[in-house]
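Listed below, chain by chain, are the residues.
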Amino acid sequence: MDVGIQLATTETDSVGFASYKVPMHADFLISHSTISGFYSWRNTAAGSWFIQSLVSLVEKEVKDLDIVSILTNINKKVGQEYESQSSRREFNHKKQTPFFYSTLTMKLYWDGDKWIF
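Numbering of residues starts from 1 in every chain and runs along the sequence as written. Residue-level local features of this predicted model are given only where pLDDT is at least 70; pairs of side-chain atoms are given and counted only at 80 or more, and the full residue set underlies all totals for whole chains, interfaces and linings. Side-chain measures here rest on the full set of heavy atoms in the structure, leaving out hydrogens and waters.

Asker: I would appreciate a short explanation of the environment of Thr97 in the present structure.
Answerer: Note on conventions: DSSP H or I runs of at least 4 residues are helices, E runs of at least 2 residues are strands, and numbering of each starts at the N terminus. Along the chain, Thr97 turns up in the loop between helix H2 (67–81) and strand S6 (99–102). Only protein chains enter the accessibility calculation, which uses a 1.4 Å probe; a residue whose area is less than 20% of its type maximum is buried, one above 50% is exposed, and one in between is partly exposed. Taking relative accessible area as the criterion, Thr97 reaches 39% and is therefore assigned partly exposed. Taking the C-alpha atoms as reference points, Thr97 and Phe38, 59 residues apart in sequence, are found 9.0 Å from one another. The contacts of Thr97, once residues within four sequence positions are left out, are Ser33, Thr34 and Ile35. By definition in these notes, contact holds between two residues if any of their heavy atoms fall within 4.5 Å.

Asker: Even after reading the chapter, I still don't get the packing of helix H1 (residues 49–61) against H2, so can you show me in this structure?
Answerer: When two helices pack together, you describe them by how their axes are tilted relative to each other and by the distance separating the axes. Axis definition: a line fitted to C-alpha atoms, limited for helices to the stretch in contact. Angles are taken between N-to-C directions and run from 0 to 180 degrees. Two elements in contact, H1 and H2, have axes whose closest approach is 9 Å; the angle formed by their N-to-C orientations is 135 degrees. The orientation of H1 relative to H2 falls into the category oblique. Remark: the crossing between H1 and H2 carries right-handed chirality. Here Trp49, Phe50, Ser53, Leu54, Ser56, Leu57, Val58 and Glu61 of H1 lie close against H2, whose contacting residues are Ile70, Asn73, Ile74, Lys77 and Val78. Each residue receives one of three labels: charged for Asp, Glu, Lys and Arg, nonpolar for Ala, Val, Leu, Ile, Met, Phe, Trp, Tyr, Cys and Pro, and polar for the others, Gly being one of them. Per-class residue counts for the contact of H1 with H2 are eight nonpolar, three polar and two charged. To sort the angles, those under 35 degrees are grouped as roughly parallel, those over 145 as roughly antiparallel, those from 65 to 115 as roughly perpendicular, and the leftovers as oblique. For any pair of crossing helices, the crossing counts as left-handed if the nearer helix is rotated counterclockwise from the farther one by less than a right angle, and right-handed if it is rotated clockwise.

Structure below.
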């Protein structure tokens, strides 16, 4: 069972309590290039599909979207825009799906210097 972690508010917090508890596993965000047991594909010249998409979409969308929305768009981009091309028939025309899991309790945005809730 999760007994939580005691947090103290600061003068800028709008909670109105002197302190409050949050679950111990709150505010984690973990992203994987693919589902466990499947290939994480890469282009030998350009690199991994997941990292290519991550860099591309973070550069384009970080000013306008929260991180979960960006990761969702990365899932879509990798799933729709990439397909393996291999000289080995069993590795040809394959797809990939990244995934992430989140226990974030608020939207997470980039403010130009750091990630903020």
